[in-house]
Structure formats: C-alpha cells, structure tokens
Amino acid sequence: MADTRPLTWPTDPIRTERLVLRQSEARDRAVTIELNASPEVTTYLGGPQPREELERTVPEVPGQRPGFFVVELDGAAIGTILLDPHAERPGHIRPDIGKTELGYLFLPRAWGHGYAAEACAAALAWLAGELPGEAVVLRTQTANKGSMRLAAKLGFTEVERYQAFGAEQWFGVRSPAR
C-alpha cells in the first residue's frame, strides 16, 4: 500500500551538528545490504537476511519512499531512519495510539557516539513540521538496551509490553507535544 500521508517528498537534506539526513540514492544500495545482512545490526530484528538474497532483491535505489532517510557522517552512509505508516508494518499494530512508526538501523561502527539520537531527533522534528500533532510509535525488544535508552532519550513513553517472536517486546509513543 502506498504512503498516503501529505508529506513533502523528496525533502531537502536535513543537517544536524554532525550529520546529514537525505533521501536514498543508488550509492546507498551497498549500505542497505550491509545493514540488513549484519548479525549485529539485526540481533533484535529476527537475525540477518542472507546477503545473496539481499543482492538479488534490494532495488537499485533502496528506500524510495517518503520518510526514508539515509544518515551520513562526513559523506559516508552510517545508517537509515524510517518514519513509516504504522498500519503498514507487520506485528503489534495500535493505530489508536499513533499512525507513524520510527525505525532505524545503524552500522556497528556508528554505535555509542550519539548519532542515532541526533539523527532520530532531526527526523522527528521534520515529521512534526510535516504532520503537526502526529504521535509517533516505536517497538523494540526489551532486551535491546541501546534501543530502550534511545527511546527514553527521544521522549517515548511505554504504552505496553507484549510477547512476540519469542521475546518480550516494548511498545511506546512519543506525543506530538514534544
């Protein structure tokens, strides 16, 4: 299903103190494959996808859709952020809480430097300008301590916990007033 939210896309690159968030380009295919094939990155997302399958299925320009940002540091892609219609994502759906879900993947070499918090905050600010009043939801495994810290830092509050994929999951919301 196509994203029908009234988002201005493509958007101009978003610049933070250290990062650039921009729409995807053909040069981002390799990092998209690397992120999804990485056992470290996908530990809490069901594990890595086979690289051969990704080479075959990832489009020439990955993530061509509103709300999909490539995150760059010094001109090199280090991750992706997706502000996605929540109802289109599989799993625990609560459109009564929020209709947009924040998702992110960062390369292990980018972990521990605050890049995810900086980039996600910038993407959330962009969304607030595009869709004022829109609540955003986030799902993660409670075992993913880094993601749990990031959710708290970004102002997400717990709505509920539930069991899925053999593990306890956390579902939170960031109210539009943030």
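Reading across the sheet, the eight strands line up as β1-β2-β3-β4-β5-β6-β8-β7 and stay open at both edges, with mixed pairing between neighbours. This sheet does not close on itself; its edge strands, each paired only once, are β1 (14-15) and β7 (157-164). Pairing geometry for β7 and strand β8 (residues 167-174), over seven bridges, is antiparallel. Considered in β8, the bridge of Ala164 is made with Ala167.

For the rest of this paragraph, the subject is the environment of Ala122. Residue placement: Ala122 occurs in helix α3 (residues 115-130). Separated by 79 residues in the primary sequence, Ala122 and Thr43 place their C-alpha atoms 25 Å from one another. Not counting chain neighbours up to four residues away, the residues in contact with Ala122 comprise Ile14, Thr16 and Leu21.

With that settled, the discussion passes to the nonpolar core. The biggest cluster of nonpolar side chains holds 32 residues, and the ones touching the most others in it are Leu21, Ile81, Leu83, Leu102 and Phe156. Elements with a contribution of two residues or more to this core: β2 (19-22), β3 (68-73), β4 (76-85), β5 (100-106), α3, β6 (136-141) and α4 (145-153). In terms of residues, this core owes the most to one element, α3, which gives ten residues. The residues touching Leu21, leaving out its near neighbours within four places in the chain, are Pro13, Ile14, Thr16, Phe69, Val70, Val71, Ile81, Ala119, Ala122 and Ala123.

Quick look at α3 now. For α3, built from 16 residues, the straight-helix expectation of 22 Å at 1.5 Å per residue is met to within 8% by its first-to-last C-alpha distance of 23 Å. Within α3, the full set of buried residues consists of Tyr115, Ala116, Ala117, Glu118, Ala119, Cys120, Ala122, Ala123, Leu124, Trp126, Leu127 and Glu130.

Along the chain, the position of Gly114 falls in the loop between β5 and α3. When the C-alpha positions of Gly114 and Leu150 are compared, they lie 9.1 Å apart, and in sequence the two are 36 residues distant.

In this section: the pattern of salt bridges. The full count for this structure, using the stated rule, is 13 salt bridges. Taking the shortest distance from any N to any O, the salt bridge between Glu72 and Arg27 comes out at 3.0 Å. Highlighted residues: Glu72 in strand β3 and Arg27 in the loop between β2 and α1 (29-37), separated in sequence by 45 residues. A salt bridge links Arg65 to Asp84, with the nearest nitrogen and oxygen atoms 2.5 Å apart. Of the two residues, Arg65 is situated in the loop between α2 (51-57) and β3 and Asp84 in strand β4; the sequence distance between them amounts to 19 residues. Sharing partners across several salt bridges, the network here consists of Arg22, Glu25, Arg27, Asp28 and Glu72.

Let us look at the side chain of Asn144. Checked against the element boundaries, Asn144 lands in the loop between β6 and α4. A relative accessible area of 18% places Asn144 in the buried class. At 3.1 Å, the side chain of Asn144 forms a polar contact with the backbone nitrogen of Ser147.

Bringing unusual backbone geometry into the picture now. Backbone torsion omega between Trp9 and Pro10 reads 0 degrees, so that peptide bond is classified as cis. With phi around 50 degrees, Asp74 is a residue other than glycine that occupies positive phi space. Summarising the element assignment, Asp74 is placed in the loop between β3 and β4. Not every positive phi belongs to a glycine, and Phe165 is a case in point at roughly 55 degrees. Positionally, Phe165 belongs in the loop between β7 and β8. On the accessibility criterion, Phe165 (75% relative accessible area) is exposed.

With that out of the way, let us pick up the pairing of β2. Every second residue of β2 is oriented toward a common face, with Leu19 and Leu21 on one face and Val20 and Arg22 on the other, all of them buried. In the sheet, β2 pairs with β3 via four bridges, with the strands oriented antiparallel. Bridged to Leu19 within β3 is Leu73.

The rules behind each value
- Residues numbered from 1 in each chain as written.
- Predicted model: local features only at pLDDT ≥ 70, side-chain atom pairs only at ≥ 80, totals over all residues.
- Heavy atoms only, no water.
- Pairing = 2+ DSSP bridges.
- Helix = DSSP H or I, 4+ residues; strand = E, 2+ residues; numbered from the N terminus.
- Contact = heavy atoms within 4.5 Å.
- Core = buried A, V, L, I, M, F, W, Y, C linked by side-chain atoms within 4.5 Å.
- Buried < 20%, exposed > 50% of the residue type's maximum accessible area, 1.4 Å probe, protein only.
- Expected span 1.5 Å × (residues − 1).
- Salt bridge = Lys/Arg side-chain N within 4 Å of Asp/Glu carboxyl O.
- Polar contact = N/O pair within 3.5 Å; in protein donor to acceptor, adjacent residues only side chain to side chain.

Note that every value here comes from positions in space, so none of it alone points to a role or purpose.
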